[in-house]
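Chain residues, written in single-letter form:
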Amino acid sequence: MPATPPSLLPADEPERLQSIRAYDVLPTLAEPLFDEFVALTAQVFSLPISLIALVEEDDVYYPANHGMPGNDQQPRVEALCSSAIQQARAVVYHDLVLESSATITPEAARAAQDNELRFYAGAPLRLPDQRLLGTLCIIDRQPRTFSADEQQVLDHLAAVVSQTIAVRHACLAQPPGGAGEWERLRTQLQEELRELTALVRYLFTRHGVQIPVPADLLTQVERRLFDLQRLLNEPPR
């Protein structure tokens, strides 16, 4: 595997990798619940692809993947989400064919071209210690605009995913009842995510797909995301 160039590494890289391992992130993200998150994210923005990317030392893993079957792992130097980790902020590339940002490595530009990717937006995922583990990203094979309202909702979705990772870790760290508490909560979260996905599908069927996504639809999504966060904030039973 190609080594990651120093230019892609954030200042806190050793501590970041230590936190990823301490929170058992890769096994966490393998749970089907996180597939529900990326399916919802793709639905909200009417895009064919959404991924959760875990940025490890020299590779990026995609344990939750909607729309890019077989894309399970990629060298970090080839991954667009590496720039979000390096910059510690959300990144948006409206048209990768025209993009000239120095944060995109030649390898990442070539990989995007090979996969016929044109639009990318990624919001950072954070662990409780605020270290970045990766991104929640959306991708299109066509150029796309991306409004400030849409960015806000993508950031909110990423915050809910981050909180879910933290709550799972906290539950399973408290035997003997923690595993049962997580199972109860996971079931509730899945039900809420499926209901929200169904709502978004209904709204698009009723009003048609519009790009960018209208603010009033996004407001309804955000309202339900706050409900998910309240569920995650409930004290254990």
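Residues numbered from 1 in each chain as written. Predicted model: local features only at pLDDT ≥ 70, side-chain atom pairs only at ≥ 80, totals over all residues. Heavy atoms only, no water.

Looking at an unreviewed UniProt entry, one finds the protein chain named GAF domain-containing protein, with Hymenobacter segetis as its source organism.

(A) Representation of the sheet that holds strand β6 (residues 132-140) within the structure. Pairing within the open sheet is antiparallel, and its six strands lie in the order β3-β2-β1-β6-β5-β4. The two strands at the open ends of the sheet, each matched to only one other strand, are β3 (73-75) and β4 (91-93). Put simply, the sheet's adjacent strands are angled 25 degrees from each other on average, direction ignored. In this structure, strand β2 (residues 59-66) lies alongside β3, joined through three bridges in antiparallel fashion. By the bridge assignment for β3, Y61 is matched with Q73. (Pairing = 2+ DSSP bridges. Helix = DSSP H or I, 4+ residues; strand = E, 2+ residues; numbered from the N terminus. Axes fitted to C-alpha atoms, helices over the stretch in contact; angles between N-to-C directions.)

(B) Just the environment of V200, in detail. Summarising the element assignment, V200 is placed in helix α7 (residues 178-207). Residues V200 and Y62, spaced 138 residues apart in sequence, show a C-alpha to C-alpha distance of 24 Å. Residues within four places of V200 in sequence aside, it is in contact with L40, Q43, V44 and V221. (Contact = heavy atoms within 4.5 Å.)

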